[in-house]
Amino acid sequence: MKKTILIIIAIVASLGVIGYVLTKNKAENKAKTDIVAIKNASVSVKTATVKTEGVSLDFVANGNFEPIQELTFSAEKSGKVIRVLAKEGDYVNVGQTLVIVRSDVINVNAQTAKAAYDNAKSDYSRYENAFKTGGVTKQQLDQAKLGLTNAQANLTQANINVGDTHLKAPIKGFINKKYIEPGSILTGMPATPLFDIVNVSKLKLNVNVNENQVASLKKGNKVTVSSSVFPDKTFSGTITFIASKADETLNFPVEIEIANNSDNSLKAGMYGTASFGSHQKQELKVVPRNAFVGSVSSNQIFVVENGIAKLKKVTAGRILGDQVEIVDGLSDGDIVIVTGQINLQDGNAVEIIK
């Protein structure tokens, strides 16, 4: 009996020890879980400090290259194409014959007009001599002169028609597209397109700048231009146009003319970047461009206050490379979030990572 009681006491004691250990482990696990939960509730972000510093006023603007001249060359008159003397990719000069149109009827008309002109000229000479001796009246002489004038006009028109059978390039450049083949029938109304001609000996880069940037620009200013296709090359450009009125986005269109290199490596439609150098610095309050939620135009930035993300409305000024001027809404020393905003809402706890 005594032995049984001892066994029962031992079992109860063992169960008590086991219960104590389990309770202690549960409390420790709960504490660890609570710490993890608190940590996981914080969003990991990177930050930067708002500061006023001397900032270069140089800026860049992007756009696409356009040809200095481009034209869809069309037929003015009707006719049948006999020969096509240019193909896509050919370089042509002003006045170069590109197409020959059937001309047999036109040539006959020109010969007839020439014969009529020669006859009218001979008649007028004969009447003029006769008038001097009184053989014809002044009215008859005037009639002969009118006939000569009309015959000369008809001959001039006939010669123009002959010239129109050889269609010549009105501008220099490359044939970018050909629309006709031998045997094509041309119509004057509506005009039949023949070729697209583009002149890329010079190019235009059209960019947009804001009101703060446009104030420092003048026509004739030199600009450095680059293309992502040729990262090791730069081109010299000249500002040829600055809009007097902003567009619907409140930006000002600016046109820059660039001389292409000898092998015309720059092509119309390529992406280009213009670098405007002012060689000036100004003390400005700035933040990194990626501090803005979405884009600079949103004017919204997250600021860290006591470990909490606060969404603030700011007024952005000039975009200066990877920095943006802050006109209002932030103070020097404010901590702004530059990465991790996609996971944030106003009031979230944050953990700053290096």
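So, a few notes on the structure that sits alongside this text. Computed from a prediction, not measured in an experiment: that's the story for all the values here.

Focus: the sheet that holds strand β2 (residues 51-56)
Strand pairing in a sheet is mediated by backbone hydrogen bonds. Such pairs are either parallel or antiparallel.
In step 1: Spatial ordering of the open sheet is given by β2-β15-β19-β18, a layout of 4 strands whose pairing is antiparallel. Sheet topology places β2 and β18 (315-320) at the edges, where each strand pairs with a single neighbour. With strand direction ignored, the average angle separating the axes of adjacent strands in the sheet is 55 degrees.
In step 2: Where β18 meets strand β19 (residues 323-328), 4 bridges bridge the pair, whose relative direction is antiparallel. Across the sheet, Thr-315 pairs through a bridge with Asp-328, a residue of β19.

So, the side chain of Glu-255
In step 1: Within the secondary structure, Glu-255 is located in strand β13 (residues 252-259).
In step 2: No salt bridge is formed by the buried Glu-255; its nearest oppositely charged neighbour, Lys-204, is found at 4.2 Å.
In step 3: Not counting the four nearest positions on each side in its chain, Glu-255 is found in contact with Lys-204, Leu-205, Asn-206, Thr-238, Ile-239, Thr-240 and Phe-241.

Let's talk about the packing of aromatic side chains
In step 1: Taken as a whole and assessed by the stated rule, the structure comprises 2 aromatic pairs.
In step 2: With 4.7 Å between their ring centres and 15 degrees between their planes, Phe-59 and Phe-276 make a pair best called stacked. In this pair, Phe-59 sits in strand β3 (residues 59-74) while Phe-276 sits in strand β14 (residues 271-276), placing the two residues 217 residues apart along the sequence. Accessibility classification places Phe-59 together with Phe-276 in one group, the buried group.
In step 3: On the numbers, 5.1 Å between centres and 70 degrees between planes, the contact of Tyr-91 with Phe-174 is edge-to-face. Remark: Phe-174 occurs in strand β8 (residues 173-178) and Tyr-91 occurs in strand β5 (residues 91-92); sequence separation between them is 83 residues.
In step 4: In this structure Tyr-91 comes out as partly exposed when scored by relative accessible area, which is 37%.
In step 5: We note Lys-233 situated over the ring of Phe-230; from NZ or CZ to the ring centre the distance is 5.1 Å.

A short note on the sheet that holds strand β7 (residues 166-168)
In step 1: If you trace the 4 strands from one edge of the open sheet to the other, you get β7-β6-β4-β9, paired in antiparallel fashion. The sheet terminates laterally at β7 and β9 (185-186), the two strands that pair on one side only.
In step 2: Where strand β4 (residues 79-84) lies against strand β6 (residues 97-101), 3 bridges are found, and the strand directions are antiparallel. Counterpart to Val-84 in the pairing with β6 is Val-99.

Description of the nonpolar core
In step 1: Val-209, Ile-256 and Phe-276 are the most contacted members of the largest nonpolar core, which totals 24 residues.
In step 2: Of all the secondary structure elements, the ones that give two or more residues to this core are β3, β10 (193-209), β11 (222-227), β12 (230-242), β13 and β14.
In step 3: At 5 residues, β10 tops the list of elements feeding residues into this core.
In step 4: With near-sequence residues (within four places) excluded, Val-209 lies in contact with Phe-59, Ala-61, Val-214, Leu-217, Asn-251, Phe-252, Val-254 and Phe-276.
In step 5: By size, the runner-up hydrophobic cluster in this structure holds 17 residues, among which are Val-81, Ala-86, Val-92 and Ala-169.

Some words on unusual backbone geometry
In step 1: In this structure, Asn-299 takes a positive phi of about 55 degrees despite not being glycine.
In step 2: Mapped onto the elements of the fold, Asn-299 is located in the loop between β15 (281-288) and β16 (300-305).
In step 3: Residues other than glycine seldom take positive phi values, yet Asn-306 does so here, at roughly 55 degrees.
In step 4: With respect to the element layout, Asn-306 can be found in the loop between β16 and β17 (308-313).

What counts and how
- Residues numbered from 1 in each chain as written.
- Predicted model: local features only at pLDDT ≥ 70, side-chain atom pairs only at ≥ 80, totals over all residues.
- Heavy atoms only, no water.
- Pairing = 2+ DSSP bridges.
- Helix = DSSP H or I, 4+ residues; strand = E, 2+ residues; numbered from the N terminus.
- Axes fitted to C-alpha atoms, helices over the stretch in contact; angles between N-to-C directions.
- Buried < 20%, exposed > 50% of the residue type's maximum accessible area, 1.4 Å probe, protein only.
- Lys, Arg positive; Asp, Glu negative; His and termini not counted.
- Salt bridge = Lys/Arg side-chain N within 4 Å of Asp/Glu carboxyl O.
- Contact = heavy atoms within 4.5 Å.
- Phe/Tyr/Trp six-rings, centres within 6.5 Å; stacked < 30°, edge-to-face > 60°.
- Lys NZ or Arg CZ within 6 Å of the ring centre and 35° of its normal.
- Core = buried A, V, L, I, M, F, W, Y, C linked by side-chain atoms within 4.5 Å.

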